[in-house]
Amino acid sequence: MKNIAVLVSGGGTNLQALIDAQNGGTITHGKIVTVVSNKADAYALERAKRAGIETAVISRRAEGENFSHALTEHMKARSIDLIVLAGFMSILNGELLREYEGRIINIHPSLIPSFCGDGFYGLHVHEAALSYGVKVTGATVHFVNEVVDGGKIIMQKAVEVRDGDTPETLQRRVMEEAEWIILPRAVEKLCAEM
Ligand code: GAR
């Protein structure tokens, strides 16, 4: 059984999908042992607590230059095998990326290499997709390295854009039809292969 850490910043619906997959038997080779938020008021923390999972708040604002080291120490103390960024809105660098190379993954709400990189996060991604006029978008699970959204792709799923979509309706459909499906699948695959 691999030890999984999930990093969050917001609502935590992707974390919820992972918890549900763990309870429902989709994830069998790993267990979420800690949920870390960089924001104290993230609703994702409530979801973790409700599921009986340990929570912690580690923020760049409080830690400054020590942020990456503090995260690394937290992971090492729990023998974490896989770090999952599930709506984590802070860019990682330094020690954590070196120590956990090939063991950090992220879910991004577009088909990388479209609509990714600096400034493309959350609703902004869907605003950009709609203003470009793409007819197909989706979600991507990829490894995390020093290039923002630049690591090797693990899994992708396409989602149709509909006439009349708003950034909010498109975000919801990408979550329902892609993110909540491929993130648990990718986590199970990686844990099983480790
Ligand atoms: C998700 O759509 C996720 O793909 C996106 O933020 C949302 C978080 O929602 N992540 C990024 O944009 C990362 N660049 P959640 O907190 O409900 O899982």
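A brief report on the enclosed structure follows. (Residues numbered from 1 in each chain as written. Predicted model: local features only at pLDDT ≥ 70, side-chain atom pairs only at ≥ 80, totals over all residues. Heavy atoms only, no water.)

Focus: the site of the ligand
Then, number 1: Within the structure, the ligand sits among 15 residues, and Gly12, Thr13, Asn14, Gly122 and Glu179 are positioned closest to it.
Then, number 2: Contact between the ligand and threonine 13: an oxygen atom at 2.7 Å from a side-chain N or O atom of the residue.
Then, number 3: Isolated, the ligand exposes 450 Å² of accessible area, and the fraction of that covered by the protein chains is 92%.
Then, number 4: The residue inventory of the shell around the ligand, partitioned by class, reads six nonpolar, eight polar and one charged. (Near = heavy atom within 4 Å. Polar contact = N/O pair within 3.5 Å; in protein donor to acceptor, adjacent residues only side chain to side chain. Areas by Shrake-Rupley, 256 points an atom, 1.4 Å probe, with all protein chains shown as cover. Nonpolar A, V, L, I, M, F, W, Y, C, P; charged D, E, K, R; others polar.)

Describing the side chain of threonine 72
Then, number 1: Tracing the backbone shows threonine 72 in helix α4 (residues 67-77).
Then, number 2: Of the residues examined, threonine 72 reaches a relative accessible area of 0% and is grouped as buried.
Then, number 3: A polar contact of 3.4 Å, which involves the side chain of threonine 72, links it to the backbone nitrogen of leucine 96.
Then, number 4: Apart from residues no more than four positions distant in its own chain, threonine 72 is found in contact with Glu95, Leu96, Glu99 and Tyr100. (Helix = DSSP H or I, 4+ residues; strand = E, 2+ residues; numbered from the N terminus. Buried < 20%, exposed > 50% of the residue type's maximum accessible area, 1.4 Å probe, protein only. Contact = heavy atoms within 4.5 Å.)

Considerations on the packing of helix α6 (residues 123-132) against helix α7 (residues 167-193)
Then, number 1: In the contact formed by α6 and α7, the axes pass within 9 Å of each other and the chain directions differ by 110°. Classified by the angle between their axes, α6 and α7 sit roughly perpendicular to one another. Crossing hand, α6 versus α7: right-handed. Judged by residue contacts, Leu123, His126, Glu127 and Leu130 of α6 engage Pro167, Glu168, Leu170, Gln171 and Val174 from α7.
Then, number 2: Split by residue class, the contact of α6 with α7 holds five nonpolar, two polar and two charged. (Axes fitted to C-alpha atoms, helices over the stretch in contact; angles between N-to-C directions. Parallel < 35°, antiparallel > 145°, perpendicular 65-115°, else oblique. Left-handed = near helix turned anticlockwise from the far one by under 90°.)

Without other data, these values stay purely geometric and don't point to any function.
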